[in-house]
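Residue-level structural notes
Each chain is listed here by its residues.
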Amino acid sequence: MPERRDTRPVMVGTVPMGGRAPITVQSMTTTDTRDAAATLHQIVALEEAGCEIVRIGIPGPEALDGFAAVCSDSPLPIVADVHFDHKLAIAAASAGAAKLRINPGNIGALKRVDEVIDAAGQAEIPIRIGVNAGSLAAEYQDRDWPLADKLVASAVSFCHHFEDRGFSDIVVSAKASGVSTSVDAYRRLAEELPYPLHIGVTEAGTSLVGTVKSSVGLGILLAEGIGDTLRVSLTADPVDEVLVGWEILAALNIRRRGPELISCPTCARCEVDLIPIAQEVQRRLVGHRTELKVAVMGCVVNGPGEAREADVGVAAGKGVGVVFARGRPLRRVPEEQIIDALIDEIDALESSQA
Ligand code: SF4
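Here's a quick rundown of the structure.

**Topic: the overall build of the chain**
- Along the chain, the regular secondary structure elements total 12 helices and 15 strands.
- For the C-alpha atoms alone, the extent of the chain along its principal axes is close to 70 × 45 × 30 Å.
- By the burial criterion, 54% of the 354 residues in the chain qualify as buried.
- Restricting to contacts in the chain with at least 6 residues of sequence separation, those with at least 24 account for 63%.
- The chain carries 34 positive and 48 negative side-chain charges, and their two centres are separated by 3 Å.

Here is the structure:
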């Protein structure tokens, strides 16, 4: 893969972004921000799944108290997501936000944007200029340009305005719901701007469609060395966004968090009910941090080979599974014990590495 594009780094709380820092995985809470306990509960679940930065919407002033409470107790840096009302962004900066995300195009007159810039400067936090196809600045909306051109022109012009105001702790995003438009826009931002890029395909859809669109769009960009932080946008539990984000990074050998599961698609030769077994093993691997290869295979055609190559594996037969660890067959277990046997071997391997 081409070398990762170098950028001007920023800090989001304790998490570095851009420069040589690892590409981070983000998500966004879906709880009512006024309910600090529910929001913190979701943040803990996101952290367990591998989320590194979490964004919270502040829909109105009534959410500010909850937002401040979450910032003070959150285990992860919090990004305040504010639209339309510059006063909310200013209040969020002093309430403990580690970063602001605004779309300057919908904040109003530039003097209001300037007040937000100054508040972020005082709080020493970065701002993401989050241009979005759904909320482009009015001056670009009616132009007869391709959408990617409008997104890039809007983002670049806001960056220059921020620079003129002496502010350069900037992160940029330019998301569209179309994969090719998003890819086009980010490629050009990467050429034109020195700032970290937050990449994503916005409003990508429900789990299946959104995962495919995000994997294709983010995969193309990451494979070209573009992107410093990512959010997979799904109409689903945000924990799933984090899991998909990590799988995208792992598939490109950029970053891995925990075990990699290899499982066969099953076919007429499979003589156990392998799909629920593989799904349950995948679910139980979520909290594990060790980089292991785990194979769940349906029969003796490819099963023993893959299971042997993996750190831990199972090759199923008629109602049974042969469990492998470190390339050696260990024991034969009945079908209903395959999951527990695999997880036991994974736990044993992890504790031997600890
Ligand atoms: Fe079919 Fe066996 Fe291959 Fe699985 S490992 S897809 S069951 S041949």
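Next comes the rest of the write-up.
**Side note on the site of the ligand**
- Taken together, Cys264, Pro265, Thr266, Cys267, Arg269, Cys270, Met297, Gly298, Cys299, Val301 and Asn302 make up the full set of residues adjacent to the ligand.
- Of the residues assigned to the shell around the ligand, the class counts are 7 nonpolar, 3 polar and 1 charged.

**Focus on the nonpolar core**
- Membership of the largest hydrophobic core comes to 76 residues, with the highest contact counts inside it found for Leu100 and Leu189.
- A total of 8 residues in this core trace back to one element, the largest contributor, which is helix H6 (residues 147–164).
- With 23 residues, the next largest nonpolar core counts Ile277, Ala316, Ile338 and Ile346 among its residues.

**Details of helix H12 (residues 338–353)**
- The terminal C-alpha atoms of H12, which comprises 16 residues, lie 23 Å apart, in line with the 22 Å expected from a rise of 1.5 Å per residue.
- Listed as buried for H12 are Ile338, Ile339, Ala341, Leu342, Ile343, Glu345, Ile346, Leu349 and Glu350.
- In this fold, the buried residues of H12 make contact with helix H10 (274–285), strand S12 (293–297), strand S13 (312–316), strand S14 (320–325) and strand S15 (328–334).

**Topic: the sheet that holds strand S8 (residues 170–175)**
- Strand order in this open sheet of 8 strands is S8-S7-S6-S5-S4-S3-S10-S9, and the pairing throughout is parallel. Looking at which strands have only one partner, the edges of the open sheet turn out to be S8 and strand S9 (198–199).
- Across 3 bridges, the pairing between strand S6 (residues 99–102) and strand S7 (residues 127–132) is parallel. By the bridge assignment, Ile102 is partnered in S7 with Ile129.
- Contacts from helix H2 (residues 64–73) reach strand S4 (53–57) and strand S5 (78–82), with the element oriented near 160 degrees to S5.

**So, helix H4 (residues 110–123)**
- End to end, H4 covers 20 Å across 14 residues, agreeing with the expected 20 Å (1.5 Å per residue, within 8%).
- Buried within H4 we find Val113, Asp114, Val116, Ile117, Ala119 and Ala120.
- Elements in contact with the buried residues of H4: helix H3 (86–94), S6, S7 and H6.
- Immediately downstream of H4, the backbone of Glu124 shows phi near 55 degrees, a positive value.

**Side note on the pairing of S12**
- Of all 5 residues making up S12, 4 are buried, and the element is well covered by its neighbours.
- Pairing analysis gives 4 bridges linking strand S11 (residues 260–263) to S12, with the strands arranged parallel. Paired with Leu261 across the strands is Val294, a residue of S12.
- Handedness of the S11-H10-S12 crossover: left-handed.

**So, the packing of aromatic side chains**
- Applying the stated rule across the entire model yields 2 aromatic pairs.
- Pairing Tyr140 with Trp145 gives two aromatic rings, centres 6.2 Å apart and planes at 55 degrees, and the pair type is tilted.
- Taking the relative accessible area as the measure of exposure, Trp145 reaches 37% and is therefore partly exposed.
- Aromatic side chains Phe162 and Phe167 sit 6.1 Å apart centroid to centroid with 75 degrees between the ring planes, which places their arrangement in the edge-to-face category.

About the cut-offs
Residues numbered from 1 in each chain as written. Predicted model: local features only at pLDDT ≥ 70, side-chain atom pairs only at ≥ 80, totals over all residues. Heavy atoms only, no water. Helix = DSSP H or I, 4+ residues; strand = E, 2+ residues; numbered from the N terminus. Buried < 20%, exposed > 50% of the residue type's maximum accessible area, 1.4 Å probe, protein only. Contact = heavy atoms within 4.5 Å. Lys, Arg positive; Asp, Glu negative; His and termini not counted. Charge placed at Lys NZ, Arg CZ, Asp CG, Glu CD. Near = heavy atom within 4 Å. Nonpolar A, V, L, I, M, F, W, Y, C, P; charged D, E, K, R; others polar. Core = buried A, V, L, I, M, F, W, Y, C linked by side-chain atoms within 4.5 Å. Expected span 1.5 Å × (residues − 1). Pairing = 2+ DSSP bridges. Axes fitted to C-alpha atoms, helices over the stretch in contact; angles between N-to-C directions. Right-handed = clockwise from strand over helix to strand, strands pointing away. Phe/Tyr/Trp six-rings, centres within 6.5 Å; stacked < 30°, edge-to-face > 60°.

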